[in-house]
Amino acid sequence: MILENRLFVILMLLYLNDGINSDVESTMGLVEPTASSIKPDYGITNVTTQIGTSAYLPCKVKQIFNKSVSWVRVRDHHILTVDRTTFIADERFHAYYSSTGQLPGVWTLQIKYVQARDAGLYECHLNFYGDEQKTSARVRLNVVVPRTELIGDTNRYVKEGSKVTLHCIVSGALDPPLYIFWFHGSEQIYPDNRRNWKTEINRNSLESDHTQSTIGSLTIPSVKKKDSGNYSCQPSNSDPINIMLHVINGEYSASAITSSSTTRMLSGYLGALCVILMVFQT
């Protein structure tokens, strides 16, 4: 009987002690950190953006109390931001926190005016003040760089008085160019020009990798000798590309152009042959 009473007293003391501890934790609002504080806590999140735009790298975090979040560029281990403070001279980098209701908050690393060299891995670190404990998540930034190409040769030979259309194509773009400007030499060709030259943009082409292709065209209704020279296609989101236009008189035939081209080709072959002979003679 005495043993049973002692056991009862011990059980009551343990129960009361647990109740007191529970009240303290509830009142202080303390929650122990867990390894899942950053989501995702496995694998790599991929973010794809186009050169010249802004990139947003997300890092989902919960239980922020007494923790600091930093972003690190993996390739050189450069600390970019700690919380909202930027630790790099490049002003394109900025971190901010946003939260909606009971969902985990998101620390976002923003990179403005993205460049090709910004591509690569970034790490989001969650640090605990006064402790070496740290969890992290990785984000890979993929930068899409559109290409500008010609439809046709870089050298065009046309007869005076004929209609000429020049084409360039911007491919591999997530977003189409806002504009495609055409230049003759250093002079821009405006849509309302006096000579009725026409510029057009066709943005309706979709590639297999879900990027877009845009075709820019310049049409000259009746080309003149003075229209010879360098023409430049300059998109808003890609490198410019040049076309050399040669306007020939009516009496010149296609055979004359072919003959000139053949002569240049033969000259190249003869030059290569001379080099080979010199090598064998030595």
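About the criteria used
Residues numbered from 1 in each chain as written. Predicted model: local features only at pLDDT ≥ 70, side-chain atom pairs only at ≥ 80, totals over all residues. Heavy atoms only, no water. Disulfide = S-S within 2.5 Å. Helix = DSSP H or I, 4+ residues; strand = E, 2+ residues; numbered from the N terminus. Buried < 20%, exposed > 50% of the residue type's maximum accessible area, 1.4 Å probe, protein only. pLDDT = per-residue confidence, 0-100. Contact = heavy atoms within 4.5 Å. Salt bridge = Lys/Arg side-chain N within 4 Å of Asp/Glu carboxyl O.

Visitor: Please clarify how the state of the cysteines should be interpreted in this entry.
Guide: By the definition in use, this model includes two disulfides. A disulfide bridge connects C59 with C124, and the sulfur atoms are separated by 2.0 Å. Measuring handedness by torsion sign, the sulfur bridge of C59 and C124 sits at about -75 degrees and is left-handed. Pair noted here: C59 is in strand β3 (residues 55–61) and C124 is in strand β9 (residues 120–128), with a separation of 65 residues, a long-range link. A sulfur-sulfur separation of 2.0 Å characterises the disulfide bridge that pairs C168 with C233. Every disulfide takes its handedness from the sign of the S-S torsion; for C168 and C233 that torsion is 50 degrees, giving right-handed. Note that C168 is positioned in strand β13 (residues 164–173) and C233 in strand β18 (residues 229–235), a separation of 65 residues in sequence. The class for C233 is buried, based on a relative accessible area of 0%. Counting only the cysteines that take part in disulfides, in the order they occur along the protein, gives the pairing 1-2, 3-4.

Visitor: Is there a simple way to think about the confidence of the model for the protein in this case?
Guide: Residues shown with low pLDDT carry predicted positions that ought not to be read at fine detail. With 66% of its residues at a pLDDT of 70 or more, the protein shows a mean pLDDT of 76. Of all secondary-structure elements in the protein, the lowest mean pLDDT belongs to helix α1 (residues 2–28), at 36, while β18 reaches the highest, 97. A low-confidence stretch, residues 1–42 stays under pLDDT 50, and its non-local contacts, those more than four residues away or across chains, total 31 contacts. Predicted confidence is poor over residues 253–280, with pLDDT under 50, and the contacts of this stretch with residues over four places away or in other chains come to three contacts.

Visitor: Mind showing me how you'd approach the pattern of salt bridges here?
Guide: Pairing is possible between side chains of opposite charge, provided their charged atoms come close. Applying the stated rule across the entire model yields five salt bridges. The salt bridge involving D76 is made with R73; its shortest N-O contact spans 2.8 Å. The salt bridge partner of R92 is D118, with a shortest N-O separation of 2.7 Å. Placement of R92 in the loop between β6 (85–86) and β7 (93–98) and of D118 in the loop between β8 (105–111) and β9 is noted, with a sequence separation of 26 residues between them. For D118, a relative accessible area of 1% corresponds to the buried category. Salt bridges linked by common partners bring D90, R92 and D118 together as one network.

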